[in-house]
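For reference, the chains in residue letters:
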Amino acid sequence: MKQGLGTQLRHLIELLDGAVLQAYVDAGLDYRPRYTPVMRVLAQQQSATIGQLAELAGITQPAATQTVALMKTEGLLLVVAGGEDGRQRVVRLSPQGELLLPRLQACWQATKRAADSLDAELEFPLSACLAQAIAVLETRPFGERIRDAGKKPRTTT
């Protein structure tokens, strides 16, 4: 039986994230792969709001909010009130997060080299295929495609 797209994607994520997580463990790091988009943004700029993090990291705002909460709990981030009225939350690396960066960056470089080698072995580079799929779905979302596919075609007589 052929696996559906969702099943294939979940399996691919398991294969990739599992290996990345193991690389962190092998490097002696207690760190989750889901933290990387936030860490990368804060490695490039000193601070950001949750909305800025989401936009710059390419993740949803709820995902950014959840990830920041987890990272704050683990002592990797500091979150302070900001903006004119203090309602915005400004996020920055904690001293512990800053100390972790060099080791993480070494892992990220190894992961990038591994991803490049995977792309080189595929008929169509996975990174290019994923970028194209994201761009197409941002133009016409999958939910719209599902609704359209569920409509019965009209018969003409």
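Residues numbered from 1 in each chain as written. Predicted model: local features only at pLDDT ≥ 70, side-chain atom pairs only at ≥ 80, totals over all residues. Heavy atoms only, no water.

Describe the nonpolar core, and please don't skip the residues or the numbers.
Grouped burial of nonpolar side chains is what soluble globular proteins tend to show. Core analysis: the biggest nonpolar cluster contains 25 residues, and Tyr24, Tyr31, Met39, Leu42, Leu53, Leu77 and Leu104 have the highest contact counts within it. At the level of elements, helix H1 (5-26), helix H2 (36-44), helix H3 (50-57), helix H4 (61-73), strand E3 (88-93) and helix H5 (95-121) are the ones that each hand at least two residues to this core. Here the element with the most residues in this core is H5; it accounts for 5 residues. Apart from residues no more than four positions distant in its own chain, Tyr24 is found in contact with Leu29, Tyr31, Pro33, Thr36, Leu104, Cys107 and Trp108. (Core = buried A, V, L, I, M, F, W, Y, C linked by side-chain atoms within 4.5 Å. Buried < 20%, exposed > 50% of the residue type's maximum accessible area, 1.4 Å probe, protein only. Helix = DSSP H or I, 4+ residues; strand = E, 2+ residues; numbered from the N terminus. Contact = heavy atoms within 4.5 Å.)

Describe the layout of surface pockets, naming the residues involved and giving the relevant values.
Each pocket or cavity is described by its volume, and for the largest pocket that value is around 2000 Å³. Elements with a contribution of two residues or more to the lining of the largest pocket: H1, H2, H3, H4, H5 and helix H6 (126-139). A total of 11 residues in the lining of the largest pocket trace back to one element, the largest contributor, which is H6. (1 Å grid on protein atoms, 1.4 Å probe; cavity = no way out; pocket = protein on both sides within 12 Å on 5 of 7 lines; lining within 4 Å. Points joined across faces, edges and corners; volume = space filled by probe spheres on them.)

Hey, could you go over the side chain of Thr49 for me, with residue numbers and the actual values?
Counting through the fold element by element, Thr49 comes out in strand E1 (residues 47-49). Residue classification places Thr49 among the buried residues on the basis of a relative accessible area of 13%. For Thr49, the contacting residues outside a window of four places in its chain are Gln88 and Arg89.

Just give me the short version of the side chain of Thr67, but keep the residues and values in it.
Assignment of secondary structure puts Thr67 in helix H4. Those residues in contact with Thr67, other than ones at most four positions away along the chain, are Arg34, Tyr35 and Val38.

How would you explain the pattern of salt bridges if you had to name every residue and give the values?
For side chains bearing opposite charge, pairing can occur when the charged atoms are close. Taken as a whole, this structure holds 5 salt bridges when the rule is applied. Ionic pairing is found between Asp116 and Lys112, a salt bridge with its closest N-O pair at 2.9 Å. A residue pair is termed a helical-turn pair when its members lie 3 or 4 positions apart in one helix, as Asp116 and Lys112 do in helix H5 at 4 residues. Glu144 is the salt-bridge partner of Arg140, the closest N and O atoms lying 3.3 Å from each other. For Arg140, a relative accessible area of 29% translates into the label partly exposed. Using a relative accessible area of 30% as the deciding quantity, one classes Glu144 as partly exposed. A cluster of three or more residues bridged by salt bridges with shared partners is formed by Arg140, Glu144, Asp148 and Lys151. (Salt bridge = Lys/Arg side-chain N within 4 Å of Asp/Glu carboxyl O.)

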